[in-house]
Amino acid sequence: MTKLEYDKEQIEKIIDKVVERTMRMDMTWDWPCGVAYYGICQAYEATKNEKYLNLLKDRVDEYIDLGLPSWTVNTCAMGHCMLTLYEHTKDETYLDIAKSKIEYLTKDALRFGDNVLQHTVSVNNDFPEQCWADTLFMAAFFLLRAGVLLKDESLIDDALNQYYWHIKYLQDDSTGLFYHGYNNITGDHMSGFYWGRANAWAAYTMSMVGKVLPECYLYPKFLDIVGSLNEQLASIKLLQTENGLWRTILDDKDSYEEVSASCGIAAAMINKGNPLHIKYLNKATKGILENISEDGRVLNVSGGTAVMKDRDGYRNISRDWIQGWGQGLALAYLAGLLDYDNNRSDGAL
């Protein structure tokens, strides 16, 4: 019988190195920090190492003292660690910040069509009526977690609506893969590539819905999420490279292997808990561990990427530097390995 192959003690040591290296980064209150600190939260949940929670608390308190920025879709990614800090400390300061992000997303954030959140990276109208897969992590997943924590069905409904329309706009019916973005004004996917990290944002956040939403099967739109994820993972597993990774353009054999996308995709498979994926996960574990340095830096992570104009635009994004999203998605995967046996199956859905 095929089993998930990993050394628990080794994974815990690597998690510790990645957390320590992540906390040495001078990230400000924005999405790279939000993804990185989400990963540390996941590491805490899987290991119960109080050091991780205390490191986060001290850093977040420092940020608060320095003053917080204006909210955008991307800065709402920091809402994830606000929720985790509140859950474990009961300090209302963190919940109040999370609530201010919720207020921004529900009342002030730019939307189009059926209340779909427009992707924003600043206080400006950056990408008019554009839907990006990134928003699923930065905002939709955050709204879902907040709705469950606060027992607010309107937030849950809004979050599931974001998933529903992002699936409709971004998933290619013929391949099951996700495009990076959709332009509602022009009615197209712009350059139209299956960007690796976009697929990771989609797969990972969809895989988390059933884990965080009680009685998820009672929400009709959850069935769309499950169907979408099933189709995506069935296709994406076949694009795994011999090194156990996925490429920055998934179906382009001339584009480089990209580790943040690989971590997010593999973490989605972990969450899904389908035994047919175990052989792909074992390859992914080997490939991912080979891309974590001795000092905890996650290697070969592409830089921040807009919806690029052409294939070379994606192929030539630098992967030379440490990135918060690489650290965070790697931690989410490693934490998922440790927590695999505790996964709640979605049954036959």
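Before reading further, recall that the structure is shown in the block above.
The structure displayed is predicted, hence computed values, not measured ones.

Colleague: Tell me about the overall build of the protein chain, residues and numbers included.
Modeller: In terms of helices and strands, the protein chain carries 13 helices and six strands. Computed over C-alpha atoms, the radius of gyration of the protein chain comes to 18 Å, within 12% of the 20 Å expected from 2.2 N^0.38 for 349 residues, which places it in the range of a compact globule. Counting over 349 residues, the protein chain shows a buried share of 58%. Taking contacts inside the protein chain between residues at least 6 apart in sequence as the whole, the part at least 24 apart equals 71%. Summing over all exposed atoms, the protein chain offers an accessible surface of approximately 14300 Å²; the carbon and sulfur share of this is 47%. The average position of the 34 basic charges and that of the 49 acidic charges among the side chains of the protein chain differ by 4 Å.

Colleague: Any details on the environment of Phe 137? Residues and values, ideally.
Modeller: With respect to the helices, strands and loops of the structure, Phe 137 is situated in helix α6 (residues 134–150). Distance from Phe 137 to Thr 205, taken between C-alpha atoms, is 6.0 Å for residues 68 residues apart in sequence. The contact partners of Phe 137, leaving out residues within four places of it in the chain, are Val 35, Tyr 38, His 80, Phe 142, Trp 201, Tyr 204 and Thr 205.

Colleague: Account for helix α10 (residues 259–272), with residues named and values stated.
Modeller: In this model, α10 (14 residues) spans 20 Å end to end at C-alpha, consistent with the 20 Å of a helix rising 1.5 Å per residue. Judged by how many residues are buried, α10 sits mostly within the fold: 14 of 14 residues are covered. Within two residues after α10, Gly 273 carries a phi angle of roughly 70 degrees, on the positive side.

Colleague: Please provide a residue-by-residue account of the side chain of Asp 158, values included.
Modeller: Checked against the element boundaries, Asp 158 lands in helix α7 (residues 153–170). Note on Asp 158: relative accessible area 13%, which makes it buried. Look past the residues within four positions of Asp 158 in its chain and what remains in contact with it is Thr 106, Arg 111 and Leu 143.

Colleague: An account of the pattern of salt bridges is requested, with residue identities and associated values reported.
Modeller: Summed over all chains, the structure comprises 17 salt bridges. One salt bridge in this structure joins Arg 21 and Asp 295, with 3.6 Å as the shortest N-O distance. With a gap of 274 residues between them, Arg 21 in helix α1 (residues 8–23) and Asp 295 in the loop between α11 (278–289) and α12 (311–315) connect regions that are remote in the sequence. A relative accessible area of 15% means that Arg 21 is categorised as buried. Between Asp 252 and Arg 311 there is a salt bridge; the shortest N-O distance is 3.5 Å.

Colleague: Report on the nonpolar core, specifying residues and quantitative values.
Modeller: Within the largest apolar cluster, 126 residues are counted, with the highest numbers of intra-cluster contacts made by Ile 15, Tyr 37, Met 82, Leu 105, Tyr 163, Tyr 333 and Leu 334. Not counting residues up to four positions away in its chain, the partners in contact with Leu 334 are Ile 11, Ile 14, Ile 15, Leu 289 and Ile 292.

Colleague: Explain unusual backbone geometry to me, using residue names and the numbers behind them.
Modeller: Here the phi dihedral of Lys 151 falls at roughly 55 degrees; this positive angle occurs in a residue that is not glycine. The phi angle at Asn 300 is positive, at roughly 55 degrees, despite the residue not being glycine. Tracing the chain through its elements places Asn 300 in the loop between α11 and α12. Exposure remark for Asn 300: the relative accessible area of 26% places this residue in the partly exposed category.

Colleague: Quick one: what's the story with the packing of α1 against helix α2 (residues 31–47), residue by residue and with numbers?
Modeller: At a closest axis distance of 11 Å, the pairing of α1 and α2 adopts a crossing angle of 145 degrees. You can see that α1 and α2 cross each other, and the crossing is left-handed. Every residue of α2 that contacts α1 at Ile 15, Val 19, Thr 22 and Met 23 is listed here: Ala 36, Tyr 37, Ile 40, Ala 43 and Thr 47. A per-class count over the contact of α1 with α2 returns seven nonpolar, two polar and no charged.

Cut-offs used in this document
- Residues numbered from 1 in each chain as written.
- Predicted model: local features only at pLDDT ≥ 70, side-chain atom pairs only at ≥ 80, totals over all residues.
- Heavy atoms only, no water.
- Helix = DSSP H or I, 4+ residues; strand = E, 2+ residues; numbered from the N terminus.
- Rg over C-alpha atoms; globule rule 2.2 N^0.38 Å.
- Buried < 20%, exposed > 50% of the residue type's maximum accessible area, 1.4 Å probe, protein only.
- Contact = heavy atoms within 4.5 Å.
- Areas by Shrake-Rupley, 256 points an atom, 1.4 Å probe, with all protein chains shown as cover.
- Lys, Arg positive; Asp, Glu negative; His and termini not counted.
- Charge placed at Lys NZ, Arg CZ, Asp CG, Glu CD.
- Expected span 1.5 Å × (residues − 1).
- Salt bridge = Lys/Arg side-chain N within 4 Å of Asp/Glu carboxyl O.
- Core = buried A, V, L, I, M, F, W, Y, C linked by side-chain atoms within 4.5 Å.
- Axes fitted to C-alpha atoms, helices over the stretch in contact; angles between N-to-C directions.
- Left-handed = near helix turned anticlockwise from the far one by under 90°.
- Nonpolar A, V, L, I, M, F, W, Y, C, P; charged D, E, K, R; others polar.

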